[in-house]
Amino acid sequence: MFSNTAGAANFSIPSGVTIEAAVQDAVDRERWARIKLLALDVDGVLTDGSLCFDENGSLLQTFYARDGFGLVAARRAGLTIAWISGRASRVAEKRFAELELHDCILACADKAGALRDLQARYGFEREDCCFVGDDLPDLPAFSMCGLNVAVADAVAEVIARADYVTRANGGRGAVREVVERILGAQNHWDELMSRFTEQEIATESSATESTESATSASETRAPTENLQR
């Protein structure tokens, strides 16, 4: 029997099935649909956890474009997005500003306190909040949220306390996966897909019309061009 101390219901894990696989589908749609605040650790969640420095000692970090697309989609769908990290990072600040998200809380020594402040400011209840983490400093944040997510390559202690474990690693689509779960449960993801499908059809139609127009114009101009020769 696996007991999730962060608040998930107890459930049996079949023989030969890992905890990660067991919790990937253990969260019902209603819990995803309730989420209003998506809070994320940075190192190991939005990045792969690598810390690189240039010759001047400046921190270099890599963010995944698909995660960024997902976060912008979530913002446009009405979710409040917060980054909460124990590390200060100008790179993270720049990426956050580029995505035009809501709250960027860096160099944070108290992630649970940061979440408590966000809940008070926005009027969110615990069950309205989802936190995505990968390492031990994220566990206090789990205590403040109704839905807790561990990325696939999180440490064992975080995975054991998560309601959901992503299939993707941190910095490689884990955040996008969570966004798709939330927006899918809220019926926003299909709307987004429809918008892009409609744009694709419109683009193809426009391209076809442009080609036909160009062909028609070429056929019309050909005699004149020949006469000019």
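Note that the structure is a prediction, hence the values are computed from the model and not measured.

Reading the values: the criteria
Residues numbered from 1 in each chain as written. Predicted model: local features only at pLDDT ≥ 70, side-chain atom pairs only at ≥ 80, totals over all residues. Heavy atoms only, no water. Core = buried A, V, L, I, M, F, W, Y, C linked by side-chain atoms within 4.5 Å. Buried < 20%, exposed > 50% of the residue type's maximum accessible area, 1.4 Å probe, protein only. Helix = DSSP H or I, 4+ residues; strand = E, 2+ residues; numbered from the N terminus. Contact = heavy atoms within 4.5 Å. Pairing = 2+ DSSP bridges. Polar contact = N/O pair within 3.5 Å; in protein donor to acceptor, adjacent residues only side chain to side chain. Salt bridge = Lys/Arg side-chain N within 4 Å of Asp/Glu carboxyl O. Axes fitted to C-alpha atoms, helices over the stretch in contact; angles between N-to-C directions. Parallel < 35°, antiparallel > 145°, perpendicular 65-115°, else oblique. Left-handed = near helix turned anticlockwise from the far one by under 90°. Nonpolar A, V, L, I, M, F, W, Y, C, P; charged D, E, K, R; others polar. Expected span 1.5 Å × (residues − 1).

Remarks on the nonpolar core
One finds Leu 38, Leu 71, Trp 83 and Leu 115 to be the most contacted residues of the largest nonpolar core, which totals 59 residues. Of the residues forming this core, the biggest block, 7 residues, is contributed by helix 8 (residues 174–185). In this structure Leu 38 touches Leu 71, Leu 79, Thr 80, Ile 81, Ala 82, Cys 130, Val 132, Val 178, Val 179 and Ile 182, once residues within four positions along its chain are discounted.

Overview of the pairing of strand 1 (residues 37–40)
Alternating positions in strand 1 separate into two faces, Leu 37 and Ala 39 on one and Leu 38 and Leu 40 on the other, with burial throughout. Of the strand pairs in this sheet, strand 1 and strand 4 (residues 80–84) are connected by 4 bridges, and their pairing is parallel. By the bridge assignment, Leu 38 is partnered in strand 4 with Ile 81. Bridge analysis of strand 1 against strand 6 (residues 129–133) gives 4 bridges, and the strand direction is parallel. Across the sheet, residue Leu 40 finds its bridge partner in strand 6, namely Val 132.

Examining the side chain of Glu 177
Counting through the fold element by element, Glu 177 comes out in helix 8. In this structure the side chain of Glu 177 is engaged in a polar contact, spanning 3.1 Å, whose partner is the backbone nitrogen of Ala 168.

Looking at the pattern of salt bridges
Scanning the entire structure with this criterion turns up 10 salt bridges. Residue Glu 125 is joined to Arg 34 by a salt bridge in which the shortest nitrogen-to-oxygen separation is 2.8 Å. Taken together, the residues span a long stretch of sequence, with Glu 125 in the loop between helix 5 (111–122) and strand 6 and Arg 34 in the loop between helix 2 (29–33) and strand 1 at a distance of 91 residues. For Glu 180, the salt bridge goes to Arg 176, with nearest N and O atoms at 2.9 Å. Of the two residues, Glu 180 and Arg 176 both sit in helix 8, 4 residues apart, roughly one turn of that helix. For Arg 176, a relative accessible area of 19% gives the class buried. Through salt bridges with shared partners, one network takes in Arg 34, Glu 125 and Asp 128.

Regarding the packing of helix 3 (residues 65–76) against helix 8
For any two helices packed against each other, the geometry comes down to the angle between their axes and how far apart the axes lie. The N-to-C vectors of helix 3 and helix 8 enclose an angle of 30°; their axes lie 7 Å apart at closest approach. For the element pair helix 3 / helix 8, the angle class is roughly parallel. The crossing of helix 3 and helix 8 is left-handed. Of the residues in helix 8, those in contact with Arg 66, Asp 67, Phe 69, Gly 70, Leu 71, Ala 73 and Ala 74 of helix 3 are Ala 174, Val 175, Arg 176, Val 179 and Leu 183. Considered class by class, the residues forming the contact of helix 3 with helix 8 number 8 nonpolar, 1 polar and 3 charged.

A look at helix 5
Over its 12 residues, helix 5 runs 17 Å from end to end, which matches the ideal 16 Å to within 8%, given 1.5 Å per residue. Of all the positions in helix 5, only Lys 111, Ala 112, Gly 113, Ala 114, Leu 115, Leu 118 and Gln 119 are classed as buried. Each element contacted by the buried residues of helix 5 is listed here: strand 1, strand 4, strand 5 (103–105), strand 6 and helix 6 (139–142). Positive phi shows up at Gly 123, right after helix 5, with a value of about 75°.

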